[in-house]
Amino acid sequence: MSDRLTVLKTYKLYVGGKFPRSESGRVYEVTDAKGKWLANAPLSSRKDARDAVVAARKAFGGWSGATAYNRGQILYRIAEMLEGRRDQFVREVADAEGLSKSKAAAVVDAAIDRWVWYAGWTDKIGQVVGGANPVAGPYFNLSAPEPTGVVAVLAPQDSSFLGLVSVLAPVIATGNTAVVIASEKAPLPALSLGEVLATSDVPGGVVNILTGKTAEIAAPLAAHQDVNAIDLTGADADLARDLEIAAADNLKRVLRPQPVDAEAGPAADWTADPGTRRLTAFLETKTVWHPTGSLGASGSAY
């Protein structure tokens, strides 16, 4: 049937577990590395950003209150679903980043492996950064990590999938909820990731994915009073400075771009071992004092 019409895919935002079009009705053209048209992507507005924050805040209580083991199961399910749609992501990454099919396959495999890696950390990070503290007094003194809250994430500009996974997975693995601004020039893998998340047991609102002009969407998120933290990885130096100033208004946690991911150019190596830096970037430490009784010559009295 060579005369059949191609069914073009309509890409939509992923907000609150649903797939809305941009509130403004705007779209922009997405092209491949050679300038060939691929699709029209939603051009998110300030209203879309605010809606995403509302959805993320609504989901935060349930997600942060889930057991770490359960979050790990859900992240592993995401990896399973990505594995099932591997060919689609290989094609989209190859188009987005101008890679050969074999190189794009290696990138997608690395992204899937990274989901599995972070899934394994969900119930272990508390043991690494928490614990009992020695104090001079009749007390148990225990410190435990807790999620910061709603995190705005500016995804890397030139690593449309592996870089995206590398900045998103640690945020939700530790119990935060996320509002993600996808790569401006290569947003399609991120939008397809939203389709995977919707079928991977991730509660609606835990991850919200916006596309469009990074600076236009990031500004209201950095100034939003109900956003608790912001990851500036996908911002250039000037934008990062402006967003950091805006974020200071309600004392947001700010993760600045590091040498490995700043400017997200060819030198950025997202395949490197990420360590635990991003896992701990958006965690708060809660310390509890509990009396044990009086300390006598014979030791503690409980």
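Note that this is a predicted model, so its numbers are computed, not measured.

Each value, and the rule that gives it
- Residue positions are counted from 1 within each chain, in the order its sequence is given.
- At least 70 in pLDDT is required for a residue's local features to be given in this predicted model, at least 80 for side-chain atom pairs to be given and counted, and no such filter applies to totals for whole chains, interfaces and linings, which use all residues.
- Think of the side-chain values as coming from all heavy atoms in the structure, minus any hydrogens and water.
- Think of it this way: DSSP has to see at least two bridges between two strands before they count as a pair.
- In this description a helix means any DSSP run of H or I spanning at least four residues, a strand means any run of E spanning at least two, and both kinds are numbered starting from the N terminus.
- For our purposes a nonpolar core is just a set of buried Ala, Val, Leu, Ile, Met, Phe, Trp, Tyr and Cys residues, chained together by side-chain atoms within 4.5 Å.
- The buried label applies to any residue whose accessible area, calculated with a 1.4 Å probe on protein chains only, is under 20% of its type's maximum; exposed applies above 50%, and partly exposed to all values in between.
- Residues are treated as being in contact if the distance between any of their heavy atoms lies within 4.5 Å.
- Under this scheme, a helix contributes an axis fitted over its contacting stretch, all axes are lines through C-alpha atoms, and angles between N-to-C directions fall in the 0 to 180 degree range.
- Just to be clear on terms, a salt bridge is a Lys or Arg side-chain nitrogen sitting within 4 Å of an Asp or Glu carboxyl oxygen.
- Working rule for angles: under 35 degrees goes down as roughly parallel, over 145 as roughly antiparallel, 65 to 115 as roughly perpendicular, anything else as oblique.
- For any pair of crossing helices, the crossing counts as left-handed if the nearer helix is rotated counterclockwise from the farther one by less than a right angle, and right-handed if it is rotated clockwise.
- Put simply, Ala, Val, Leu, Ile, Met, Phe, Trp, Tyr, Cys and Pro go in the nonpolar bin, Asp, Glu, Lys and Arg in the charged bin, and everything else, Gly too, in the polar bin.
- We call Phe, Tyr and Trp rings a pair once their centres come within 6.5 Å, taking the six-membered ring for Trp, and we label the pair stacked below 30 degrees between planes, edge-to-face above 60, and tilted otherwise.

1. Focus: the sheet that holds strand S3 (residues 131-132)
Spatially, the three strands line up as an open sheet ordered S3-S4-S10, and their pairing is antiparallel. In the strand order of this sheet, the two ends are held by S3 and strand S10 (283-291), each with one partner. Across two bridges, S3 lies against strand S4 (residues 139-147) in antiparallel orientation. The residue bridging Gly131 from the neighbouring strand is Ser143, located in S4.

2. A short note on the nonpolar core
Membership of the largest hydrophobic core comes to 62 residues, with the highest contact counts inside it found for Leu82, Trp115, Ile172 and Val180. Per-element tally for this core: the top contributor is helix H4 (residues 101-121), with ten residues. Among all residues touching Leu82, those that are not within four sequence positions of it are Phe89, Ile112, Trp115, Phe161, Leu193 and Val196. Counting residues in each nonpolar core, the second largest holds 25 residues, with Ala55, Leu154, Ile181 and Leu210 among its members.

3. Some words on the sheet that holds strand S7 (residues 207-210)
As summarised here, the arrangement of the five strands in space is S7-S6-S5-S8-S9, forming an open sheet in which the pairing is parallel. Since the sheet does not close on itself, it has two edges, and those belong to S7 and strand S9 (253-255), each with one partner. The sheet shows a mean angle of 15° between the axes of neighbouring strands, taken without regard to direction. In this structure, strand S5 (residues 150-154) lies alongside strand S8 (residues 229-231), joined through three bridges in parallel fashion. Looking at the pairing, Val153 lines up with Asp231 of S8. Where helix H8 (residues 214-223) meets the sheet, its contacts fall on S5, strand S6 (177-181), S7 and S8, and the angle it forms with S6 comes to roughly 150°.

4. Some details on the pattern of salt bridges
Across all of its chains, the model carries 14 salt bridges by this definition. A salt bridge links Asp51 to Lys47, with the shortest nitrogen-to-oxygen separation between them at 3.0 Å. One end of the pair, Asp51, and the other, Lys47, are both in helix H1 (residues 46-65), four residues apart, so they sit about a helical turn from each other. Judged by relative accessible area, Asp51 falls into the partly exposed class, the value being 31%. The class of Lys47 is partly exposed, set by a relative accessible area of 33%. Bridged by salt links that share partners, the residues Lys9, Arg85 and Glu195 form one connected network.

5. Concerning unusual backbone geometry
Positive phi is not limited to glycine here, since Asp201 has a value of about 70°. One can find Asp201 in the loop between helix H7 (188-198) and S7. At Leu251, a position not held by glycine, the phi torsion is positive, near 60°. Looking at the element boundaries, Leu251 is found in the loop between helix H9 (237-247) and S9. We classify Leu251 as exposed; its relative accessible area is 74%.

6. Considering the packing of helix H2 (residues 68-84) against H4
Two elements in contact, H2 and H4, have axes whose closest approach is 8 Å; the angle formed by their N-to-C orientations is 170°. In terms of their interaxial angle, H2 and H4 are classed as roughly antiparallel. The element H2 and its partner H4 pack so that their crossing is left-handed. Seen from H2, the contacting residues are Gly72, Leu75, Tyr76, Ile78, Ala79, Leu82 and Glu83; seen from H4, they are Ile112, Trp115, Val116, Tyr118 and Ala119. A breakdown of the residues in the contact of H2 with H4 according to their chemical character gives ten nonpolar, one polar and one charged.

7. Re the packing of aromatic side chains
As enumerated under the stated definition, the model contains five aromatic pairs in all. Grouping aromatic residues by their ring pairs yields a cluster made of Trp117, Tyr118 and Trp121.

8. Re the environment of Val288
Summarising the element assignment, Val288 is placed in strand S10. The sequence separation of Val288 and Arg50 amounts to 238 residues, and the corresponding C-alpha distance is 35 Å.

9. A short note on the pairing of strand S1 (residues 27-31)
The pairing of S1 with strand S2 (residues 37-42) spans five bridges and is classified as antiparallel. Of the residues in S2, the one forming a bridge with Val30 is Ala39. With antiparallel pairing between neighbouring strands as the criterion, S1 and S2 make up a hairpin whose turn holds five residues, including Gly35 at a positive phi of roughly 90°.

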